[in-house]
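Working through the structure, step by step
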Amino acid sequence: MIKNIAGFCYDCKNADKLADFYAALLGWEKILSGNGWAGLRSPQGWIFAFQEIEEYTPPVWPWEEGKQQQMAHIDFLVDDLAGTVEHAIACGAQKADVQYFETVTVMLDPEGHPFCLSAEPQ
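Below is a short write-up of the structure. Note that the structure is a prediction, hence the values are computed from the model and not measured.

**Some thoughts on the side chain of glutamate 111**
Its place among the elements puts glutamate 111 in the loop between strand E7 (104-108) and strand E8 (114-118). Other than its neighbours up to four places away in sequence, glutamate 111 contacts Cys12, Lys13, Asn14, Leu18, Tyr56, Pro58 and Pro59.

Next up, the structure:
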């Protein structure tokens, strides 16, 4: 029986660069680096890993026919949506051109993976 999530891994072109981005964004400890892998440990103990893929192609957001699709994205719950968007941009993210909700901002990490910054509706 599965007890918990051990971790999550993104494919990417440069594992260390992407791990450094998420370490700056989240404030998590980088615990793994080398041989095409890098990883962070969350405060809850799970691993956010990054695996280098030579032929990596960034996903397109939103989805477009015939383009590389996203395989997954992560939603982060935040207290201050506007402030966290600014922080993410300062770390190297960009705000996606297409947005769907007032309480969620879709961002793209430096390698094109979408992630959402979500504030609970007031």
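Alright, that's what it looks like, and here's the rest.
**As for the nonpolar core**
Ranked by size, the top nonpolar core spans 25 residues in total, and within it Tyr22, Leu40, Phe48, Phe50, Phe115 and Leu117 carry the most contacts. The greatest single-element share of this core, amounting to 7 residues, is contributed by helix H1 (residues 15-26). If we ignore the near neighbours within four places in the chain, the residues touching phenylalanine 48 are Phe8, Tyr10, Tyr22, Leu26, Trp28, Ala38, Gly39, Leu40 and Ile74.

**Some words on the sheet that holds strand E3 (residues 37-41)**
Reading across from one edge, E1-E4-E3-E2 is the order of the 4 strands in this open sheet, with mixed pairing throughout. The outermost strands of the open sheet, each flanked by one partner alone, are strand E1 (7-12) and strand E2 (29-34). Strand-to-strand, the axes of this sheet are offset by a mean angle of 15°, without reference to chain direction. Here H1 sits on the sheet and contacts E1, E2, E3 and strand E4 (47-52); the angle it forms with E4, its principal contact strand, is near 155°.

**A short note on the sheet that holds strand E5 (residues 74-77)**
Pairing is mixed in the open sheet, where 4 strands are placed in the order E5-E8-E7-E6. At either end of the open sheet lies a strand with only one pairing partner, and these are E5 and strand E6 (94-95). Taken together, the 5 bridges between E7 and E8 define a ladder with antiparallel strand orientation. Bridge pairing in E8 links valine 106 to cysteine 116. On the sheet, helix H2 (residues 81-91) packs against E7 and E8 and is oriented at approximately 5° with respect to E7.

**A closer look at the pattern of salt bridges**
Evaluation of the coordinates by the stated rule reveals 2 salt bridges. Notably, a salt bridge pairs lysine 30 with aspartate 16, separated by 2.8 Å at the nearest N-O pair. Placement of lysine 30 in strand E2 and of aspartate 16 in helix H1 is noted, with a sequence separation of 14 residues between them. Assessed through its relative accessible area of 30%, lysine 30 is described here as partly exposed.

What counts and what doesn't
- For every chain, the first residue of the written sequence is number 1, and numbering continues from 1 onward in sequence order.
- Reporting in this predicted model follows two pLDDT cut-offs: at least 70 for local features of residues, and 80 or more for side-chain atom pairs to be given and counted; totals over whole chains, interfaces and linings ignore these cut-offs and use all residues.
- The side-chain figures draw on all heavy atoms in the structure; neither hydrogens nor water molecules are used.
- The helix count covers DSSP runs of H or I at least four residues long, the strand count covers runs of E at least two residues long, and both are numbered beginning at the N terminus.
- Two residues qualify as a contact provided that any one of their heavy atoms is within 4.5 Å of a heavy atom in the partner residue.
- Buried Ala, Val, Leu, Ile, Met, Phe, Trp, Tyr and Cys residues that are joined via side-chain atoms within 4.5 Å together make up what is termed a nonpolar core.
- The classification of residues rests on relative accessible area computed with a 1.4 Å probe and restricted to protein chains. Under 20% of the type maximum is buried, over 50% is exposed, and intermediate values are partly exposed.
- DSSP-based pairing: two strands are paired if at least 2 bridges between them are found.
- Here, axes are lines fitted to C-alpha atoms. For helices the fit covers the stretch in contact, and angles between N-to-C directions go from 0 to 180 degrees.
- Salt bridge criterion: a side-chain nitrogen from Lys or Arg within 4 Å of a carboxyl oxygen from Asp or Glu.

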